[in-house]
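Working through the structure, step by step
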Amino acid sequence: MRSSPTVRLDLNTVPRLNTGALDAAWRASPPDVLAQYPGPEERALKRAIAGRLGLRAGMVGIGHGSDELLDLAVRALVPYGGSAVGIEPSFSMYPRCLEAHGGRFVGIPCRRRLPVDQLARSPADLTLLASPNNPTGTAFSLGSLERLLQRTDRPMLLDEAYAEFAGHDAIPLLADYPQLLILRTFSKAYGLPGIRVGYALGRPALIRRLERLRGPYSVSTFSLRAARAAWDAPEYCRDRIREARTERRWLFPRLRAQGWPVAPSSANFLLLGPVASAAPLAERLEAAGLRVRRLPPFPSRPGEHLRVTLGTREQNLRLLAELGEHRP
Ligand SMILES: Cc1ncc(COP(=O)(O)O)c(C=O)c1O
């Protein structure tokens with residue numbers, strides 16, 4: 001008998017992937033088109049994104065996942081060996097990108113409020129933040145981001161991989177702050193992590209600095225078409241946002257009632273911790289078919305932490321039942 005596949009609650013992806021957009025892209029992609037180098041699809045996707053967001057097409061850049069755009073932005077905006085400042089804990093790719101560029105990422109400890117003064121006083125070359133933040137789920141207010149932008153005109157890279165789940169974003173700030181660059185992705189609320197498409201939003205001069213470093217064909221024709229199909233069918237994304245918010249409201253108080261330390265989240269995942277013996281707990285969940293993310297220790301916080309992605313109600317019920325067996 002085949003055992004059922006492990007439920008991936010470790011990837012911060014939505015539980016119902018966007019197979020509809022893939023089907024549409026596949027049906028519209030004859031082999032002779034896919035066999036050729038990518039053509040006009042990228043320009044068309046940029047125009048579609050810009051149109052719906054009320055931006056000029058030159059304000060949109062496309063990349064092979066937002067990971068590629070992050071790497072390009074660090075290389076374009078930080079001198080070799082320079083530094084970026086952000087918060088801690090945050091997305092593990094930030095230090096890696098800076099280190100690959102001979103530099104370093106400086107993380108300022110942060111609980112809920114953005115440490116605007118400390119960030120502004122840092123002599124770093126770049127501000128690098130995620131809102132909502134991974135792994136905490138904290139979304140920073142537009143007011144606090146704007147105060148930071150007013151205090152320093154060095155470039156600010158704001159990673160909004162999970163902004164759709166928060167219900168607000170920093171796009172309105174693009175009009176007044178030419179140093180702001182926002183990163184978005186089709187991997188999360190659009191349900192297409194496998195196609196590897198991300199987009200950057202910012203003033204044309206900033207977007208051009210990134211694009212100058214990019215190879216001409218880093219995103220495939222099929223991926224561009226699938227992203228376009230997802231963009232043109234926003235009801236899928238709306239349903240995923242509604243589902244994630246409903247599950248967040250459902251799961252959060254129940255985890256608290258079981259006694260787990262869990263932080264309020266504006267994203268599609270919850271941070272649990274500090275928890276005693278995170279490793280055996282993660283192993284027990286794995287044995288029950290639920291994979292969660294065990295996080296490396298945070299320099300600024302004691303104890304160990306797990307990050308759990310919100311699943312379907314059925315998956316969240318299973319998670320709650322398992323966690324209930326191993327109360328903290
Ligand atoms: C904060 C953050 N930014 C970016 C990414 C990467 O997204 P992509 O799949 O677009 O490379 C992730 C993925 O988990 C993430 O958590």
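You'll find the structure just up there.
Okay, so let's go over this structure. (Residues numbered from 1 in each chain as written. Predicted model: local features only at pLDDT ≥ 70, side-chain atom pairs only at ≥ 80, totals over all residues. Heavy atoms only, no water.)

Brief notes about the site of the ligand
- Lining the immediate environment of the ligand, one finds Gly 65, Ser 66, Asp 67, Phe 91, Asn 134, Asp 159, Ala 161, Tyr 162, Thr 185, Ser 187, Lys 188 and Arg 196.
- Taking Asn 134, its side chain carries an N or O atom lying 2.8 Å from an oxygen atom of the ligand.
- Within the contact set of the ligand, an oxygen atom lies 2.6 Å away from a side-chain nitrogen or oxygen of Tyr 162.
- In the complex, the protein chains occlude 91% of the 400 Å² of accessible area that the ligand would expose alone.
- Its atoms largely coinciding with the cavity grid, the ligand occupies the largest pocket.
- The element best represented in the shell around the ligand is helix α4 (residues 65-77), accounting for three residues.
- Here the residues of the shell around the ligand are counted per class, giving three nonpolar, five polar and four charged. (Near = heavy atom within 4 Å. Polar contact = N/O pair within 3.5 Å; in protein donor to acceptor, adjacent residues only side chain to side chain. Areas by Shrake-Rupley, 256 points an atom, 1.4 Å probe, with all protein chains shown as cover. 1 Å grid on protein atoms, 1.4 Å probe; cavity = no way out; pocket = protein on both sides within 12 Å on 5 of 7 lines; lining within 4 Å. Sits in = over half its atoms within 2 Å of the grid points. Helix = DSSP H or I, 4+ residues; strand = E, 2+ residues; numbered from the N terminus. Nonpolar A, V, L, I, M, F, W, Y, C, P; charged D, E, K, R; others polar.)

A look at the packing of aromatic side chains
- As enumerated under the stated definition, the model contains ten aromatic pairs in all.
- An angle of 55° between the planes, with centres 5.1 Å apart, marks the rings of Phe 186 and Tyr 190 as tilted. Take Phe 186 and Tyr 190: they sit in the same class, and that class is buried.
- Taken together, a centroid distance of 5.8 Å and an interplanar angle of 85° make the contact between Tyr 199 and Trp 231 edge-to-face. Of this pair, Tyr 199 sits in strand β8 (residues 197-202) while Trp 231 sits in helix α10 (residues 221-231), and the two are 32 residues apart along the sequence.
- The structure contains a cluster of three or more aromatic residues connected by ring pairs, namely Phe 186, Tyr 190, Tyr 199 and Trp 231.
- One Lys or Arg, Arg 240, reaches over the ring of Tyr 236 and ends 5.0 Å from the middle of that ring.
- A cation over a ring is seen here: Arg 307 above Phe 269, with NZ or CZ 5.9 Å from the ring centre. (Phe/Tyr/Trp six-rings, centres within 6.5 Å; stacked < 30°, edge-to-face > 60°. Buried < 20%, exposed > 50% of the residue type's maximum accessible area, 1.4 Å probe, protein only. Lys NZ or Arg CZ within 6 Å of the ring centre and 35° of its normal.)

Looking at the nonpolar core
- In terms of nonpolar packing, the biggest core is built from 58 residues, with Ile 49, Ile 62, Leu 114, Leu 180, Phe 186 and Leu 201 touching the most fellow members.
- Residues from two domains meet in this core; each of domain 1 (7-15 + 235-325) and domain 2 (19-233) gives at least three.
- When residues no more than four places from it in sequence are discounted, the contact partners of Ile 49 are Val 60, Ile 62, Phe 186, Tyr 199, Leu 201 and Trp 231.
- Among the nonpolar cores identified, the runner-up in size contains 24 residues, and Leu 98, Leu 157, Leu 183 and Leu 206 belong to it. (Core = buried A, V, L, I, M, F, W, Y, C linked by side-chain atoms within 4.5 Å. Domains from an automatic or database assignment. Contact = heavy atoms within 4.5 Å.)

So, the packing of helix α3 (residues 41-53) against α10
- At a closest axis distance of 9 Å, the pairing of α3 and α10 adopts a crossing angle of 20°. When the interaxial angle is binned, α3 and α10 end up roughly parallel. Relative to α10, the crossing made by α3 is left-handed. Along the contact surface, α3 presents Glu 41, Glu 42, Ala 44, Leu 45, Ala 48, Ile 49, Arg 52 and Leu 53, while α10 presents Thr 221, Leu 224, Arg 225, Ala 227, Arg 228 and Trp 231.
- Of the residues contributing to the contact of α3 with α10, the split by class is eight nonpolar, one polar and five charged. (Axes fitted to C-alpha atoms, helices over the stretch in contact; angles between N-to-C directions. Parallel < 35°, antiparallel > 145°, perpendicular 65-115°, else oblique. Left-handed = near helix turned anticlockwise from the far one by under 90°.)

Some details on empty space enclosed by the protein
- Inspection of every chain in the model, using the stated rule, returns two cavities of 30 Å³ or more.
- Size it by volume and the largest cavity reaches roughly 50 Å³.
- Taken together, Ser 131, Pro 132, Ala 139, Phe 140, Ser 141, Leu 142, Leu 145, Glu 160, Ala 166, His 168, Asp 169 and Ala 170 make up the full set of residues lining the largest cavity.
- For the lining of the largest cavity, the residue count by class is seven nonpolar, three polar and two charged.
- Together, Thr 13, Val 14, Pro 15, Arg 240, Glu 243, Ala 244, Asn 268 and Leu 310 line the second largest cavity.
- Per-class residue counts for the lining of the second largest cavity are four nonpolar, two polar and two charged. (Points joined across faces, edges and corners; volume = space filled by probe spheres on them.)

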